[in-house]
Amino acid sequence: MAQQTVVMNQRSASSYRAGAFLGRFTVNAVLIVISLICLVPVLLVLSASFSTEAAISQFGYTLLPMRFSTAAYEYILAQPQRILNAYMVTSVVTVTGTICGLTVMALLAFSLSRQRFALRRPLSFYVFFTLLFNGGLIPFYLFVTQTLHLKDNALVLILPYLVSVWNVLLLRTSFQSLPEELLDAARIDGASEWRIFFQIAIPMSTPVLATVALFTMLSYWNDWWMSLLFINNKNLYSIQFLLYNIMQGLEAMNATPEIAARFKGELPTLTVRMAMAFFAIGPVAFAYLFLQKYFIRGITIGSLK
Amino acid sequence: MATSSGSVVRSAIPARSVPRQSFWLRLKLFLSKNGTYMLMALPGVALIFIFAYAPMPGIVIAFKDLKFNLGVWGSPWVGLNNFGYLVATPLTGRVLFNTLFMNALFIVTGTAGAIGVALLMNEVHGHFRSRVYQSAMFFPNFISVVVVSYFVFAFLSTDAGLVNNILKSSAMEPVQWYSSPEYWPVILVTVNLWKGVGVGSIIYLATIVSINPEFYEAARIDGANKLDQIRFITLPLLVPVITILTLLAIGRIFYADFGLFFIVTRDTPALYPTTDVIDTFVFRALRQLGDIGMAAAAGLAQSVIGFILVIISNMVVRKVDPEKSLF
């Protein structure tokens, strides 16, 4: 695909006249400012989480910590059960959801990409129609709670997101471009469709599969919506939902007496909030640093359809 | 094998006609050709059925007075009463206005911002630099809206927020952001831009890059400077893409970004005058055990109007450029 060239945009090295330097300088300056604006909030949160509580109440949130302290992290790690549990829930949901979702979506997309499949057109309509029309929130809520009885069940965090129609669309497009002669050759050699799927279609589509896997992981990691609708049990709080409850003041940062004693009356609350936020961004930011290629490719194919 | 289906094989006309196979035989043939694919599609098809199609009949509660003890099907029918309440509620006008107004703002600012960034990115000629800019500008897209609400809080919290610090240090009155609804359209537009401008620019950048460089060369020979070139070549050539994306966005104008309006505002009642949209209204009706029938009516109206709009916008898009339409 031409996406790489699209992204970097090397138009033919045409000569630029005098004054072009000023123009290029302005362009880069503006883009640097925009880029910084995109990253500044992370810095603000990080700085707040490494400040002393007193500095925050005195100076407010600042871009660099006025007085450096790791109290907020010590405080969180002194009673880590809650955040560990939330990490646990999110991780299990993310891993299970990504593996199952990828399998289900790839199989569905493969069948929809085969010309010889007689039900290809009606099934494609069946799948893509859901992009255009849905019953709305209330029927969905009532169905999940009253018919499926999935309230406060970890499955509700996984199942509804297993099939993302956009991702099926991406995968189907990728499978459609497999050379049919190759598949026919495999068929002549006696390969079943299953074997073709696992040994030809999957290996030949790894870039798209990697992208879809990454975006499925992200959508599970970042999800709070299903929890907001269906989860009351605190043991099933995901990291995002825990964070949401802390922000809403629904979840207090209680301290056991021993821990309160350790922090001598100066319980970090303003800073702890921000440290918690950092626990949620951390893994995504970390992954972003190393898997940037896939993130950017995913976004590019996604928006160019 | 030939069974009850009553197919009559006319032996009188022998060789030429293929004997009509029995239903079961044809089914067997069909399955032998398509069975594997059907099995492959099955899990996905089943999940879509459960979570997208099966709830749909529940739409009828828009025409019912829902009693939880009687269930969806046992509750009494009330005809169009729920829609009547919906029209009569003064909130409806506000919610409808906010949804359309904010989405319109998002469309206009989002398009302008994305085109602006694309034009700038087009002038960057170093691979490394453009990679760095894009990495930074895509990053917000991967952050959950819950974390975004923390960012916004760090900026706008009344006592400790960065914005109020700056206001105070320049001897201005701090603002109670979370109880001043009048500022929120601007705040939400900013957040929306921050989150989406990098990603939104891609499609425009792709279009700009594909413009024939000879156009620009000819313009340069005629003495056009960079801004002239943008104005008379780039922008006019972007018009089809802008049209299509705007049409598609208008098709979804009745759907609000729930996370933005619910999580980022921290669901603060004081902000409802400018931030309450259809989706948050429906959610509250469901959550605070308000009028579920009315909420379902609002949801149904949203789905139906949304559906019609999407269909219309797609028809128009297909007229403009058949390749870009969704279906």
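About the thresholds
- Residues numbered from 1 in each chain as written.
- Chains lettered and ligands numbered in written order.
- Predicted model: local features only at pLDDT ≥ 70, side-chain atom pairs only at ≥ 80, totals over all residues.
- Helix = DSSP H or I, 4+ residues; strand = E, 2+ residues; numbered from the N terminus.
- Rg over C-alpha atoms; globule rule 2.2 N^0.38 Å.
- Buried ≥ 20, exposed ≤ 12 C-beta atoms within 10 Å, placed from the backbone.
- Contact = placed C-beta atoms within 7 Å.
- Nonpolar A, V, L, I, M, F, W, Y, C, P; charged D, E, K, R; others polar.
- Domains from an automatic or database assignment.
- Axes fitted to C-alpha atoms, helices over the stretch in contact; angles between N-to-C directions.
- Parallel < 35°, antiparallel > 145°, perpendicular 65-115°, else oblique.
- Left-handed = near helix turned anticlockwise from the far one by under 90°.
- pLDDT = per-residue confidence, 0-100.
- Core = buried A, V, L, I, M, F, W, Y, C linked by C-beta atoms within 7 Å.
- Expected span 1.5 Å × (residues − 1).

### Regarding the overall build of chain B
Point 1. A tally of regular secondary structure across chain B gives 14 helices and zero strands.
Point 2. Mapped in sequence order, the helices and strands of chain B form the string α-α-α-α-α-α-α-α-α-α-α-α-α-α.
Point 3. The C-alpha atoms of chain B give 28 Å as radius of gyration, which overshoots the globular expectation for 327 residues (20 Å, by more than 25%).
Point 4. Overall size of chain B, expressed as C-alpha extent along the three principal axes, is 100 × 70 × 35 Å.
Point 5. The proportion of buried residues among the 327 residues of chain B is 38%.
Point 6. Pairs at least 24 apart in sequence give 64% of the contacts found in chain B among residues at least 6 apart.

### Notes on the overall build of chain A
Point 1. A count of helical and extended segments in chain A gives 16 helices and zero strands.
Point 2. For chain A, the proportion of its 305 residues judged to be buried stands at 38%.
Point 3. Within chain A, counting contacts between residues at least 6 apart in sequence, those at least 24 apart form 72% of the total.

### What about the interface of chain A and chain B?
By a frequent convention, interface size equals the accessible area lost on bringing the separate parts together.
Point 1. Facing 84 residues of chain A, the contacting portion of chain B comprises 81 residues.
Point 2. For the side of chain A that touches chain B, the residue count by class is 59 nonpolar, 20 polar and five charged.

### Some points on the domain arrangement of chain A
Residue and element names in this part refer to chain A.
Point 1. In terms of domain boundaries, chain A breaks down into domain 1 (18-79 + 255-304) and domain 2 (81-234).
Point 2. Counting residues at the interface gives ten residues for domain 1, matched by eight residues for domain 2.
Point 3. Class assignment for the residues of the side of domain 1 that touches domain 2 results in seven nonpolar, two polar and one charged.

### Observations concerning the packing of helix H6 (residues 120-132) of chain A against helix H1 (residues 23-53) of chain B
Point 1. For the pair H6 of chain A and H1 of chain B, the least separation of the axes is 11 Å and the interaxial angle reads 40 degrees. Put simply, H6 of chain A runs oblique to H1 of chain B. For H6 of chain A against H1 of chain B, the interelement crossing comes out left-handed. Together, Leu123, Tyr126, Val127 and Thr130 of chain A of H6 of chain A and Ala41, Val45, Ile48 and Ala52 of chain B of H1 of chain B make up the contact between the two elements.

### Re the packing of helix H4 (residues 90-122) of chain B against helix H8 (residues 184-209) of chain B
Residue and element names in this part refer to chain B.
Point 1. The interhelical angle for the contact between H4 and H8, taken along N-to-C directions, is 45 degrees, at an axis separation of 6 Å. Here H4 is positioned oblique relative to H8, judged by the angle of their axes. For the crossing formed where H4 meets H8, the hand is right-handed.
Point 2. The residue makeup of the contact of H4 with H8, split by class, is 17 nonpolar, nine polar and no charged.

### A word on the confidence of the model for chain B
Residue and element names in this part refer to chain B.
Point 1. Averaged over every residue, the pLDDT of chain B is 87; residues scoring 70 or more account for 92%.
Point 2. Mean pLDDT in chain B bottoms out at helix H2 (residues 71-74), which sits at 78, and peaks at helix H11 (residues 258-262), which reaches 95.
Point 3. This model gives residues 1-12 a pLDDT under 50, and the stretch forms twelve contacts once residues within four places in sequence are excluded.
Point 4. In the model output, the complex is listed with pTM 0.86 alongside ipTM 0.86.

### Re unusual backbone geometry
Point 1. The phi torsion at Asp152 of chain A lies on the positive side, around 55 degrees, for a residue other than glycine.
Point 2. With respect to the secondary-structure elements, Asp152 of chain A resides in the loop between helix H7 (137-147) and helix H8 (155-158).
Point 3. The class of Asp152 of chain A is partly exposed, set by 13 C-beta atoms lying within 10 Å.
Point 4. One non-glycine residue, Arg266 of chain B, adopts positive backbone phi at about 55 degrees.
Point 5. When you line up the elements, Arg266 of chain B lands in the loop between H11 and helix H12 (272-275).

### A word on the environment of Leu66 of chain B
All names here are of chain B.
Point 1. On the secondary structure map, Leu66 appears in the loop between H1 and H2.
Point 2. The class of Leu66 is buried, set by 21 C-beta atoms lying within 10 Å.
Point 3. In this structure, the C-alpha to C-alpha distance between Leu66 and Ile278, residues 212 residues apart in sequence, is 20 Å.

### Topic: helix H10 (residues 180-188) of chain A
Point 1. For H10 of chain A, a buried count of zero out of nine residues is recorded, marking the element as mostly open to its surroundings.
Point 2. Just downstream of H10 of chain A, Gly190 of chain A is the residue with a positive phi angle, here 95 degrees.

### Here we look at the nonpolar core
Point 1. One finds Val45, Leu108, Leu243 and Ala277 of chain A together with Ala154 of chain B to be the most contacted residues of the largest nonpolar core, which totals 156 residues.
Point 2. If you count residues domain by domain, this core takes at least three from each of domain 1 (18-79 + 255-304) and domain 2 (81-234) of chain A.
Point 3. Not counting residues up to four positions away in its chain, the partners in contact with Val45 of chain A are Met274, Ala277 and Phe278 of chain A together with Tyr150, Phe151 and Ala154 of chain B.

### Details of helix H12 (residues 206-221) of chain A
Point 1. The end-to-end C-alpha separation of H12 of chain A is 22 Å, in line with the 22 Å expected for 16 residues at 1.5 Å each.
Point 2. Where H12 of chain A is concerned, the buried positions are Val208, Thr211, Val212, Ala213, Phe215, Thr216, Leu218, Tyr220 and Trp221 of chain A.

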